[in-house]
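So you can see what is in the structure, the chains are spelled out below.
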Amino acid sequence: MSLLLDHGLIRTAAVERVVAPIACHLCHLVLLCDGAEEAEQFSHLEEAAQAVAKATENMSAVASRHIRDTEDEVLHMEMSSLLESVTVSGQHVLLAAQKLSIQPSLTEHREELITSTQSVFLGVVKVLLVNDDATVRKVVAAADQVLERLSELSSSSDIKSLLKSFQIFSDALILLNSLTVDRANSLQDPRQTKQLHDSLETLRRCISMLHTAMCTTIKHPTSEQAQAAKRYIVDKVQSTVSDIIVTLTSKCQRGSPGPCGYYAGRRNSLLELITGSSASSVRDSSFDSVVRDLVFHCMIVANSSRREFQQTVVAHCRHVLQFWSDIKRIFKSSEDPDDSEQHLQNLFTLLVQQIQMLDKSMMNAILYQVLDTFLTASSTFEELLSVTRQVLVADSSTKTDLSFIQPLVEDFIFYTDRIIQVASFTSAVAVDAKSLENVENSRVCLTRLRAQVAPLSLELADNLMQTPQKIYEICEKWEEEMGQLQETLSDVLDVREFTSIAITEMVSDRRGCDTAYREQSYISFNEHGANLICHMKLVTQSVRRHLDRSDNPIYRNGLLVLLKQAQLSQTKVVQSVRDMLSGSSLNVEVYSTFSDNVAAAIQNFKVLREGLDGQQHPHLLSPLREGARQCDVSQSHLPVKDTCELNLDHMVRSSHSPVLEVTERDFQTEHEEEHSDWETVEAELAHKYDSNDLKTPAVSDEPKLIHKPLEFDLLPLLYEVVTVTKGKDVTALNQICTGVLELSNCYAQAAKEALAIVDAVDCQTLESFRAELVSLTPLLVQTAQETAMSSAMSTESIYKHSTQFSDLINNMRKVLVTVAGTWFHAVYTELQGNLPTTAANVTHQLNDVMNSCADVVQLLTSSDLASQSDSQETFTVLHNKLNRAQNNTRYLLEFSTSEKGKVDQLEGLCILWGLSVQILFNSLDKILGTSTAMSQLSPQKQLSVLSENSLRIQEAARLTSLNCKSAYKSKQLTGYQDELKTLTEAYLQAAEDLGVMPSVIQLAKTELFQRNLLIKIRVLSGHLSKANKDYDTALQNILSIAYFAAEHFRENKTEDEEQEFENAAELLLENVNSATKRVEDCLNYIRDPRSRSNLRSINDHLSFQISDIISRARLMVETHFICDTLSLDVQIQCWSAKAHYVVEEISKQDGIHQEAKVHIRAGLQGREPEDIKDGRATIPSNVKEVAFQSKTTSWLKVNTENVDAAEPSMRTSYGPGNMEKEDGFGAHKKASSLTSTSLFLKRESDSWDPKDNRIVQVTRKMADTIYYMTQYLKKKGPIPNKDAFVTAAKNVMSNCQSVTHFIRVIANHCLDKQSTVELSLVVEQILTITNQLNIISSVNAVTPGCKSSDEILVKNAQNLLQTVLRGVHAAETACITGLKQPEPNSDGAEATALCFQWRRNLEIHRAQQTSNPDTDELGLRKTSSHPVAPSLAPSVPTIPSRDKYLSLRNK
């Protein structure tokens, strides 16, 4: 019954509302049957049983009508088979209730009632679930209909068919939306509900894009963007509908861990319902479900508890269900509302009290489970750890039967399961999220360790010495995790309650010891004594953890005194138990001492319990506190290990009681800790944990726990040799000796082949083993034949040679199995079945593997790749290794299909086959240059490296195809790229499907995909090297130097080669860095922002990627070790493709100087440019240099007339972003005076930022000078006389020359014709006004005291400044449209640099404006919060009116 609830089969709230109360009633009925005192309650169930029978009949009738009206054949078939059983079950309930009304105390009738009730419950649940499945199928069918309509919609060829298909698709989608919304609202898992609503929302958003994409595709069938958009939106709709189907068919999952544990959450929910809600709220809530979950969990805990706590928890659960039943009865009754409300409140109060009592019983049950489980688990763990330690320190040359460890491992697994269960019970009562998480983490870690130790129990039968080592390592991890678990449990469980029940158990253990003493039972006394000491240790550990968490120093110190007293008394108890068990029987003379020490210890632990409440602490000035502090500091440095000293299993196995030695050693250590200073204790611990002590077994030598069942341990084949030899059967012996020879040849051949792939140590070991095997085999056969034919010859020699042969084979097997690796395990596991179907299947698989290997070798041979390894590894050698692997496959298949084969021979042939395949792949890797690199990487790292190399080479192929001038080569490279992408995805999928123990075909698929991928990468790398040969030559040269230096490091020329490498690398890095810097400078002259961004990204990659390549090459030179040449070659090809792409893209740009292009090409090719032509002769330009002619005419009258006439057309553009034009500037100018104009020009120029801007500096100087000239007209300012006034005018003209030159440079380098024309006109106007100003100043110098002449001079100077500013803003416009690159170190380079600096500031300003989230009342983005857009020189503001100027002057 609980399986239906635990596995998420009930998904909807409606089914849950029906099932929950039935489950509670059924559970209540089961609990009532367990209590004999409730017999009279069963005599009044007939009426309820009649209601159940009637309800089942009605349910069957309703379901029958429902299935008659449905078209769901699955629903009709499943429901029809259930209805009859549901009706019959209801009748059985009625019959059982009638029997109980006659004989209510008869147990058989109770059990019959429970069984029939369970049948009704299961039948009802199945009916509801079948109906629920039908609802899901209906929604899924609607989803499938949507997918079909989507397929029809995507294949529409014209607008008319599209509209028709879209209408049908919309109808199907509306139906799916309606059904899914209803289903989502009925689910009880909020995560599933959210997933369904999110999927529907995604579908709603996809509709408009789907319509747009389809229309666009039909109207523009050749548009790749439209096709891509169509594919995207269709795939999105399909995946979303598929997600809906998956969510609908998935099971209901329990919620994620919340702020408290499962039990605590249900308890809190129930208490909140019945204390803070009205009766109507409780009726409409999940009251039934919460009660059911709470009771079910309590029953699970009770099932694992002691008998007395089990009865207590069950009794409280029965009372809770009784109150629940009474509450439900009142909900259904038609009594007076006021009376029923009062009655309900009384029942709620009683239910709250009952839940509190149940909660207390639950905590006690869990505490006792923790105490009992940790007690037994620690003893089992110590015994297993001790035995495995003995095995590891024993003589490894002696063959050991490890089967005796298996019972200990099984016990260890059993108690680990119990600890995991107790941990889950504890996490369920956690009241905070942190404690819950900590306990769950420890439980998961123990579960993982349990999964690791379970397979080792089966491996012990193979007598492998690696198995005890693995068990020992797991035991160490287990001990660490147990300490962590105890730490986390102390956060959940109350240390005070734990100490109280532990003291109760100590009292019980003392009584057990007294009883054993009276009965003189040595074993019983040992058991109770061990439990007593373990209980004491558990208490001291828990109190120590509690003490460490306390932040009250006075409380800590006082409790530490009491803890120290308890530990001292515990030490005396250990000594007393040791004395009692010192002989073969209990020592009567020391019993009184034992009794006194135990009584004193229990009393000290009781005082320690009171100390946890803050009582019995010593006085603040007591010397005990000082002593406790010193002891605590000392002990904090001691690696003391808390374990139970006494162990019953050890006591039973050894009459000498070896555990007494352990107890004595622990006692001596503790005694020395108390009465010695720190140096003495440290010396004792150093002696105790000395490595030489590990050679001493932890248990006595008599009787030995580790022993051989026989005097010799033989292979099955050799055992037959010995048996047949003793039987004197020469004919059978000859047949068996043939098998021995085949086995010897198999291992000798395997050892010979393995020499090619093992390290030097294993190579020497296999050589010696092989030589010994070759010499021993004929001696064994000869000795066996002579012994069989001679009746007087002893069998001792055959025993000796057989044992030597078996040991030799086993030792060789240990080395060879490691080398053969997964290939051996895969084929041996599949051939072990000995079934005809298995053999046929494996034969087919092995043939497929060999055919695939031959295909890979053929692909490598036909690819024209040069061997990347030394000259010894050739394609001829590779074909020989392939032939050898094929021959070994044939031998293995012939042997596996024969019926005379032995396990030893099968294992040897599997090893030989696995070695031959491994050697074949190793040869492939050597030719490809990846053998060393791949062998040192984990499988996951291999996936990462290969994926990265594949992506790099694909990117290199893409960039190279863009640069190819030949369409055929471009198409070829694109084909290689697509093929490599498909192969990479297949390899990753095969690696993902690879399990822990893969089959032969799975393993072969992964390995062959990997080699195929490596070959394709090498082939593509060769093609890219030819296409980008100018750019990878320098890198290949450096790599050749590195290879040579690494291979010839033992010669004297190593230093010269290293120096040559460093010089070449430094020169290449310098050239490339220079080229990348030039590319960065040239990016400013690329008008397309997307192209500019792409080139900037690739240029950045070039810098750090070449540094990485050189660093890896330098590492080979320094370490003299060549590894992973494939990755290095791929990096070089990727870099070369990027460099080639950058050069080609830069060459296509018209605005970049030819000299820069030459420098970039030469630098990225790793060389310096030899002959750089004059860039000015080769610059492609559509705009000619602007020539300006000076016109010298009469300027006085012309100047005044021309400037005044030109003013209306001189509309200065303000702001490079907006380029707004101010109208009516001439009108304002006429209304203003010379003084106001100069004043405002000066104020504006003072507000400009002159930092790093020559134009602003010159303009500010001109504005200041003109302002001083205006003041001179009023007889003010720093200009003293007429000569200085004329000199100031000439200074304005000279300062204007730099600005004019700047504008002329921008005009010469502008790519936009209109901007060039505008800048040219501005330059002409500046020259004209300058000439006029020059003439006027000359006339003014010889005209004394003419005020009108002075005013004309000032006015012309102001006009000059206005024209200069208009030219600067025209230059801003030219910067936006684009400039061509000037010659290096020229005036144009300085001017363009200033423009680009301004443009970057402008882009930052625009980005800030765009990111402003504030909008005005019209919904437009506000820009007032941002500063004014940056400018080369800010615009001149509108000149204020004369009235405003007069007010300023009056101030």
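### Comments concerning the overall build of the chain
In terms of helices and strands, the chain carries 51 helices and two strands. The buried share among the 1451 residues of the chain stands at 47%. Long-range pairs, those at least 24 residues apart, make up 77% of the contacts in the chain with a sequence separation of at least 6.

### Examining the environment of Lys606
Here Lys606 is to be found in helix 20 (residues 591-612). With relative accessibility at 38%, the residue Lys606 sits in the partly exposed group. Along the backbone, Lys606 and Thr504 are 102 residues apart, and their C-alpha atoms lie at a distance of 9.8 Å.

### A closer look at the packing of aromatic side chains
If you walk through the whole model with that rule in mind, you get 13 aromatic pairs. Measuring from centroid to centroid gives 5.7 Å for Trp823 and Phe921, while their planes differ by 20°, and the two rings are stacked. Of this pair, Trp823 sits in helix 29 (residues 822-831) while Phe921 sits in helix 32 (residues 903-928); the two residues are 98 residues apart in sequence, bridging distant segments of the chain. The residues Trp823 and Phe921 share a single accessibility class, namely buried. Measuring from centroid to centroid gives 5.4 Å for Phe824 and Tyr828, while their planes differ by 15°, and the two rings are stacked. Highlighted residues: Phe824 and Tyr828, both in helix 29, separated by four residues, approximately one helical turn. Of the aromatic side chains, those joined through ring pairs into one cluster are Tyr517, Phe525, Tyr591 and Phe594.

### What to know about the packing of helix 19 (residues 553-580) against helix 20
Where helix 19 meets helix 20, the closest approach of the two axes is 8 Å, and the angle between their N-to-C directions is 160°. When the axes of helix 19 and helix 20 are compared, the pair comes out roughly antiparallel. Handedness of the helix 19/helix 20 crossing: left-handed. Residue composition of the contact of helix 19 with helix 20, by class: 16 nonpolar, eight polar and one charged.

### Re the pattern of salt bridges
Tallying each qualifying case throughout the model produces 28 salt bridges. The salt bridge partner of Arg292 is Asp293, with a shortest N-O separation of 3.0 Å. You'll find Arg292 and Asp293 in the same group, each marked buried. For Arg1096, the salt bridge identified is with Glu1080, shortest N-O distance 3.4 Å. Taken as a pair, Arg1096 in helix 39 (residues 1089-1119) and Glu1080 in helix 38 (residues 1054-1082) lie far apart in primary sequence, 16 residues in all.

### Structural notes on the environment of Ile174
Structurally, Ile174 can be placed in helix 6 (residues 159-186). It is 10.0 Å that separates the C-alpha atoms of Ile174 and Arg204, two residues lying 30 residues apart in sequence.

### Some details on unusual backbone geometry
Of note in the backbone geometry, Gln520 takes a positive phi value of approximately 55° without being a glycine. Topologically, Gln520 is positioned in the loop between helix 17 (495-519) and helix 18 (522-549).

### Focus on helix 19
Across its 28 residues, helix 19 extends 40 Å between first and last C-alpha, which sits within 8% of the 40 Å expected from 1.5 Å per residue. Where burial is concerned, most of helix 19 is hidden: 20 out of the 28 residues are buried.

### Describing empty space enclosed by the protein
Taken as a whole, this structure holds four cavities of 30 Å³ or more when the rule is applied. There is about 190 Å³ of room inside the largest cavity. For the largest cavity, the lining is made up of 13 residues, of which Val370, Gln486, Leu489, Phe498 and Ser542 are closest to its centre. Of all elements in the fold, only helix 13 (337-393), helix 16 (466-492), helix 17 and helix 18 reach the threshold of two or more residues within the lining of the largest cavity.

### Brief notes about the state of the cysteines
Counted by the stated rule, this structure contains zero disulfides. No disulfide involves Cys317; its sulfur sits 4.4 Å from that of Cys298, the nearest cysteine. A relative accessible area of 0% places Cys317 in the buried class. No disulfide involves Cys910; its sulfur sits 8.9 Å from the nearest other cysteine sulfur, which is in Cys746. Owing to a relative accessible area of 0%, Cys910 belongs among the buried residues under this scheme.

### Some words on the packing of helix 37 (residues 1029-1047) against helix 40 (residues 1125-1148)
Put simply, helix 37 and helix 40 touch, their axes get as near as 8 Å, and they point 155° apart. For the element pair helix 37 / helix 40, the angle class is roughly antiparallel. In this structure, the crossing between helix 37 and helix 40 has a hand that is right-handed. Facing helix 37, whose interface residues are Tyr1031, Asp1032, Leu1035, Gln1036, Leu1039 and Tyr1043, helix 40 presents Thr1125, Leu1128, Asp1129, Ile1132, Gln1133, Trp1135, Ser1136, Ala1139, His1140 and Val1143. The class makeup of the residues in the contact of helix 37 with helix 40 is nine nonpolar, five polar and two charged.

### Points about the side chain of Ser576
Mapped onto the fold, Ser576 is located in helix 19. Only 2.5 Å separates the side chain of Ser576 from the side chain of Asn597, close enough to count as a polar contact.

### Some thoughts on the confidence of the model for the chain
Low pLDDT means the predicted coordinates in that region are not meant to be read closely. Here the chain averages 75 in pLDDT, and 76% of its residues register 70 or above. Scored below 50 in pLDDT, residues 1-7 shows 13 contacts in the model against residues more than four places distant or in partner chains.

Quick notes on the rules
- Residues numbered from 1 in each chain as written.
- Predicted model: local features only at pLDDT ≥ 70, side-chain atom pairs only at ≥ 80, totals over all residues.
- Heavy atoms only, no water.
- Helix = DSSP H or I, 4+ residues; strand = E, 2+ residues; numbered from the N terminus.
- Buried < 20%, exposed > 50% of the residue type's maximum accessible area, 1.4 Å probe, protein only.
- Contact = heavy atoms within 4.5 Å.
- Phe/Tyr/Trp six-rings, centres within 6.5 Å; stacked < 30°, edge-to-face > 60°.
- Axes fitted to C-alpha atoms, helices over the stretch in contact; angles between N-to-C directions.
- Parallel < 35°, antiparallel > 145°, perpendicular 65-115°, else oblique.
- Left-handed = near helix turned anticlockwise from the far one by under 90°.
- Nonpolar A, V, L, I, M, F, W, Y, C, P; charged D, E, K, R; others polar.
- Salt bridge = Lys/Arg side-chain N within 4 Å of Asp/Glu carboxyl O.
- Expected span 1.5 Å × (residues − 1).
- 1 Å grid on protein atoms, 1.4 Å probe; cavity = no way out; pocket = protein on both sides within 12 Å on 5 of 7 lines; lining within 4 Å.
- Points joined across faces, edges and corners; volume = space filled by probe spheres on them.
- Disulfide = S-S within 2.5 Å.
- Polar contact = N/O pair within 3.5 Å; in protein donor to acceptor, adjacent residues only side chain to side chain.
- pLDDT = per-residue confidence, 0-100.

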